[in-house]
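Fold and geometry: a report
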Amino acid sequence: MKLAFSALALVLSSAHAFAPPAASSSGSSTLLKAANGGVSEEFGIPCEDECALDQYPNLPPSVHPGVLSGEAMVDLLNHAKENGYAIPAVNCVSSSGINACLEAARRNDAPIIIQFSSGGSQFYGGKGLDNTNYRAAIAGAVSGAFHVRTMAEQYGVPVILHTDHCAKSLLPWVDGLIAASERYFVDHGEPLFSSHMIDLSEEPIEENLEICAEYLGRMSKIGLLLEMELGITGGEEDGVDNTDVAQEDLYSKPEEIYETYEKLSAVSPMFTVAAAFGNVHGVYSPGNVKLDPKILDKAQDYISDKLGDLAPADKKPVKFVFHGGSGSAVSDIQEAIGYGVIKMNIDTDTQWSYWEGIKNFEEKYHDYLQGQIGNPEGPEKPNKKYYDPRECMRAAEVNTVERLEQAFADLKCQNICGLGEMVEAENVLGPRRGGLPV
């Protein structure tokens, strides 16, 4: 198996350099509503307990339950860097997967990043819907965004709503999502999404930076953050196969990162950069992944020297995001956090955890899942409460919540908000006669 290397993203550190464009008086009042009531208030959805909080005991005052953007998002990312933790970013393809992420975040008293790929967005919209001009992927991502916005408030957790790798051929997909955020901003004073990744790492660096600068100019006006990539992310994910790329393209150089910093910061501080340092998409056998987190440290030193007196006191002028985190050694993850990593992508491991939950459910109740009627308790006994899809899906969610608890621990992202333990839900039994203990 060939080595496949991934990436990491850096975010500029200025928390207060972002200023959204002036909104109308109605937009300003709606922005206040979004910060304190959001979707729940707009649609009259009951909002109690953590949902009703204006802020958290242990986080900056701007950070609130629900989807964050603009200054509140940057404040959260700065808090992560200053306090030595990273936020897990999980690719989701269904409302069930989203709910598992939100539950995991609340159980770990922490923020989370929920993100959609183009393929995941299309699946969310439905594989039976035509995707010409990416219409299914656009509609699916927008639908998922409204689900995240509604339920993040109910779970009482702060969420960054992101879209993952977007190659040049996929730009019409992101164009549609930015347009949706621009329309949402008019009425709500904030974008529908928090951030988007544009991955032009396979293009010449000059073209990469020019296109990203153009997008950053448009996105930053409404509080959207741009994540871009330098160096090619190895491995295979969502149909993109980079297992055969040249080795020199799999590790970023400090000079390239600084060039990007200089180019994009002239437009806005609302950007991140994915810089390759040997991480991979997917899970590989031991010895096949050769991470070099010290690339991050070298980049921080190089850029700090270039900034001179303008460099921050901690000499970490950039925030990094760890792509391809599934299967990585905890020691490598935590070393990277020490160099300024504030976000780690997780996809392969949570895909497996979701499937494993279904697999284990089938193994446990196999003899009850072979027909609608008839099981070990008798030939006429009904099996509806076993084959009801809510049962195996809930088993998948529970298993994913458990796997994400490991991720939160690895990233030192526990007990961040200051809410304490999650109160167990009541009145949650499933089918009419009660749900199974899954």
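In this report, the structure presented in the accompanying data block is examined.

Analysis parameters
Residues numbered from 1 in each chain as written. Predicted model: local features only at pLDDT ≥ 70, side-chain atom pairs only at ≥ 80, totals over all residues. Heavy atoms only, no water. Buried < 20%, exposed > 50% of the residue type's maximum accessible area, 1.4 Å probe, protein only. Helix = DSSP H or I, 4+ residues; strand = E, 2+ residues; numbered from the N terminus. Pairing = 2+ DSSP bridges. Axes fitted to C-alpha atoms, helices over the stretch in contact; angles between N-to-C directions. Parallel < 35°, antiparallel > 145°, perpendicular 65-115°, else oblique. Left-handed = near helix turned anticlockwise from the far one by under 90°. Contact = heavy atoms within 4.5 Å. Nonpolar A, V, L, I, M, F, W, Y, C, P; charged D, E, K, R; others polar. Phe/Tyr/Trp six-rings, centres within 6.5 Å; stacked < 30°, edge-to-face > 60°.

Most of strand 3 (residues 87-91) sits out of view: five of its five residues are buried. By the bridge criterion, four bridges tie strand 3 to strand 12 (residues 341-346) in an arrangement that is parallel. Counted as the bridge partner of Pro88 is Met344 from strand 12. As paired elements, strand 3 and strand 4 (residues 112-116) share three bridges and run parallel to each other. Bridging across to strand 4, Asn91 finds its partner in Gln115.

This part takes up the packing of helix 9 (residues 254-265) against helix 10 (residues 294-307). If you want to describe how two helices pack, look at the angle between their axes and the distance between the axes. Orientation of helix 9 relative to helix 10, taken along the N-to-C sense of each, is 50°, at an axis distance of 9 Å. Considering their axes alone, helix 9 and helix 10 lie oblique with respect to each other. Viewed along their axes, helix 9 and helix 10 form a crossing whose handedness is right-handed. Counted together, Pro254, Glu255, Ile257, Tyr258 and Tyr261 of helix 9 and Lys298, Ala299, Tyr302, Ile303, Lys306 and Leu307 of helix 10 form the full contact between these two elements. Residue composition of the contact of helix 9 with helix 10, grouped by class: eight nonpolar, no polar and three charged.

Here the focus is the packing of helix 5 (residues 118-125) against helix 6 (residues 135-155). Between helix 5 and helix 6, the shortest axis-to-axis distance is 7 Å and the interhelical angle comes to 80°. In this view, helix 5 runs roughly perpendicular relative to helix 6, as classed from their interaxial angle. Together, Ser118, Ser121, Gln122, Tyr124 and Gly125 of helix 5 and Ala136, Ala137, Gly140, Ala141, Ser143, Gly144 and His147 of helix 6 make up the contact between the two elements.

Aromatic ring pairs are defined here through the distance separating the ring centres and the angle between the ring planes. A complete count under the given rule lists eight aromatic pairs for this structure. Note on Tyr258 and Tyr261: the rings are 6.3 Å apart at their centroids and 15° apart in plane angle, and the pair reads as stacked. With Tyr258 and Tyr261 both in helix 9 and three residues apart, the pair spans about one turn of that helix. Each member of the pair, Tyr258 together with Tyr261, is buried. Seen from their ring centres, Phe277 and Phe322 are 5.0 Å apart, and the 70° between their planes marks the pair as edge-to-face. With Phe277 in the loop between strand 10 (271-275) and helix 10 and Phe322 in strand 11 (residues 318-322), this pair connects stretches of sequence that are 45 residues apart. For Phe277, a relative accessible area of 0% translates into the label buried. Given the relative accessible area of 0%, Phe322 is considered buried. Grouping aromatic residues by their ring pairs yields a cluster made of Phe361, Tyr365, Tyr368 and Tyr386.

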